[in-house]
Amino acid sequence: MSKINRVVARQVYDSRGNPTIEAEVFSKNLSASAICPSGASTGTFEAYEKRDTNNKKYIGKSVLKPVEIINNLISKKLKNQNIHDQEKIDSILIKLDGTKQKTKLGANTILSVSMAAKKLSAKIKKIPLYKNFFVKKNFKLPYPLMNIINGGAHADNGLRIQEFMIRPDKARSFSESVRMCFLVINELKSLLKKNQYSTNVGDEGGFAPMISDNESALKLIVQAIKQSGFKNGKDISICLDVAANELMKKEKYSIHSNKFINVDQTIKKYLKLIKKYQIKSIEDPFSEDDWNAWTKFLKATNNNTQIIGDDLFVTNLERLKVGFLNLSANSILIKLNQIGTVTETLEVIKFAQLIGFKTIISHRSGDTEDTFIADLAVGTNSNQIKTGSLARSERIAKYNQLIRIEEDLGRRAKMNKI
Ligand code: PGA
Ligand code: ZN
């Protein structure tokens, strides 16, 4: 048995330049560290992100208190624990916090330690991280959901939908899937230039041109797919994250234009978009509380479109159960920091897979060089991974890690079911 000696934390910075926590767990002469990401369009029901709101030196954004909690309280409590017993480690952290949304210690505080422990366990076992989750053989690579145009809370262009993504459905390998996206992104860049739009990128690496209506963005993507020699809806599919929480007022939505319309009218417009642009996946089409709208929408799509709950489920088992009983969605987005420990995240993934939901592992809009989620996707047989565009190293780090995992698996490497 390898015991934890101590845990050390430090304040580092994420891709938006905001302070975040890096935790490092030590056992014997080895250590492993992990960094916590941070969202912008966060769901109300997510676990709590703790910051030093009163520290003026960092305009309230520092994480020095969480760092101190790890260096003192958590380090003491985890001393001598078995590094390979992730459930025990996480249960100690959960108990130490004792609140439903981890408001006492902060989900960011807890998660950075939880992920670092998981990494160190793999390191001591001398196995790659992806082999230290619950899948033990027949590993599958996820399809990337690559974000190529950014809007909503991730850009300043006024585009209503937050993320326009492509998924290379016909790719036979992960490396091939990245190559297909690379071609479309390059075509899109030329098209944007030709139309005199900016090719600057948003928080998740997708382009953030000054386009404010959804259909103009969709038309450009369709054209880029075509010009790359692919068939939209066959070789490559368009997928959306609406992040509708941000677009609702008094049970009406301003998704399709800046005019607020009711749920039935919104669904009608969605169905038109799905048909016209061959959209295969929509995340958060309605807000996190509007269960009825979700149920209506899933029914209206005949369950033929991938409907993903992100802010709706917040990687929370209880909310996923409600969604399952209400026939709200058929897929779930998985973000470790929405729930706060590796163990709870794995429980949600297992349950989702048991009820036939697709699992899509996701980055946050404020992310880091940490590639934990790439390994998590393979180690849990998750169908897809959403980790931005082919721009910004914090996004590409995950794609590069998946390329390494594919190489490590060699001839045994297979793509997952979409
Ligand atoms: P967030 O965005 O990290 O800002 O929440 C990602 C998403 O909504 O999927
Ligand atoms: Zn989302």
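Everything here concerns the structure above.
The structure presented is a predicted model; accordingly, all values stated were derived computationally and were not measured.

### A few points about the packing of aromatic side chains
Okay, step 1: Counting across every chain of the model gives 9 aromatic pairs.
Okay, step 2: Note on tyrosine 270 and phenylalanine 297: the rings are 4.9 Å apart at their centroids and 35 degrees apart in plane angle, and the pair reads as tilted. Here tyrosine 270, found in helix 6 (residues 263–277), pairs with phenylalanine 297, found in helix 7 (residues 291–300); they are 27 residues apart in sequence, far enough to count as distant. Neither tyrosine 270 nor phenylalanine 297 differs from the other in exposure class; each is buried.
Okay, step 3: Aromatic ring contacts, followed pair by pair, group Tyr253, Tyr270, Phe286 and Phe297 into a single cluster.
Okay, step 4: In this structure, arginine 6 packs its charged tip against the face of phenylalanine 26, placed 4.0 Å from the ring centre.
Okay, step 5: The aromatic ring of phenylalanine 45 is capped on one face by arginine 319, whose charged end is 3.8 Å from the ring centroid.

### Re the site of ligand 1
Okay, step 1: In the neighbourhood of ligand 1, 15 residues make up the surrounding shell, with Ala40, His154, Arg364, Ser365 and Lys386 lying closest.
Okay, step 2: At 3.1 Å, a side-chain N or O of glutamine 162 approaches an oxygen atom of ligand 1.
Okay, step 3: In the model, an oxygen atom of ligand 1 is placed 2.6 Å from a nitrogen or oxygen of the lysine 386 side chain.
Okay, step 4: Here ligand 1, which alone exposes 280 Å², has 100% of that area covered by the protein.
Okay, step 5: Of the pockets mapped on this structure, ligand 1 occupies the second largest cavity.

### Concerning the coordination of the zinc ion (ligand 2)
Okay, step 1: Taken together, the protein ligands of the zinc ion (ligand 2) are Asp241 (OD), Glu283 (OE) and Asp310 (OD), with distances of 2.1 to 2.2 Å.
Okay, step 2: Mapped onto the sequence, the donors of the zinc ion (ligand 2) take the spacing D-x41-E-x26-D. Within this pair, whereas aspartate 241 is found in strand 8 (residues 237–241), its partner glutamate 283 is found in strand 11 (residues 279–283), the two being separated by 42 residues in sequence.

### With respect to the sheet that holds strand 1 (residues 6–13)
Hydrogen bonding along the main chain pairs the strands of a sheet, whether they run parallel or antiparallel.
Okay, step 1: Strand order in the open sheet formed by 3 strands is 1-2-3, with antiparallel pairing between adjacent strands. The strands lining the two open edges of the sheet, one partner per strand, are strand 1 and strand 3 (30–35). With strand direction ignored, the average angle separating the axes of adjacent strands in the sheet is 20 degrees.
Okay, step 2: Sheet strands touched by helix 1 (residues 64–78): strand 1 and strand 2 (19–27). Its angle to strand 1, the strand with the most contacts, is close to 165 degrees.
Okay, step 3: Taken strand by strand, helix 3 (residues 107–125) contacts strand 1, strand 2 and strand 3, and its axis lies near 140 degrees from that of strand 3.

Parameters at a glance
- Residues numbered from 1 in each chain as written.
- Chains lettered and ligands numbered in written order.
- Predicted model: local features only at pLDDT ≥ 70, side-chain atom pairs only at ≥ 80, totals over all residues.
- Heavy atoms only, no water.
- Phe/Tyr/Trp six-rings, centres within 6.5 Å; stacked < 30°, edge-to-face > 60°.
- Helix = DSSP H or I, 4+ residues; strand = E, 2+ residues; numbered from the N terminus.
- Buried < 20%, exposed > 50% of the residue type's maximum accessible area, 1.4 Å probe, protein only.
- Lys NZ or Arg CZ within 6 Å of the ring centre and 35° of its normal.
- Near = heavy atom within 4 Å.
- Polar contact = N/O pair within 3.5 Å; in protein donor to acceptor, adjacent residues only side chain to side chain.
- Areas by Shrake-Rupley, 256 points an atom, 1.4 Å probe, with all protein chains shown as cover.
- 1 Å grid on protein atoms, 1.4 Å probe; cavity = no way out; pocket = protein on both sides within 12 Å on 5 of 7 lines; lining within 4 Å.
- Sits in = over half its atoms within 2 Å of the grid points.
- Donors = N, O, S within 2.8 Å, 3.2 Å for Na, K, Ca; no water.
- Pairing = 2+ DSSP bridges.
- Axes fitted to C-alpha atoms, helices over the stretch in contact; angles between N-to-C directions.
- Contact = heavy atoms within 4.5 Å.

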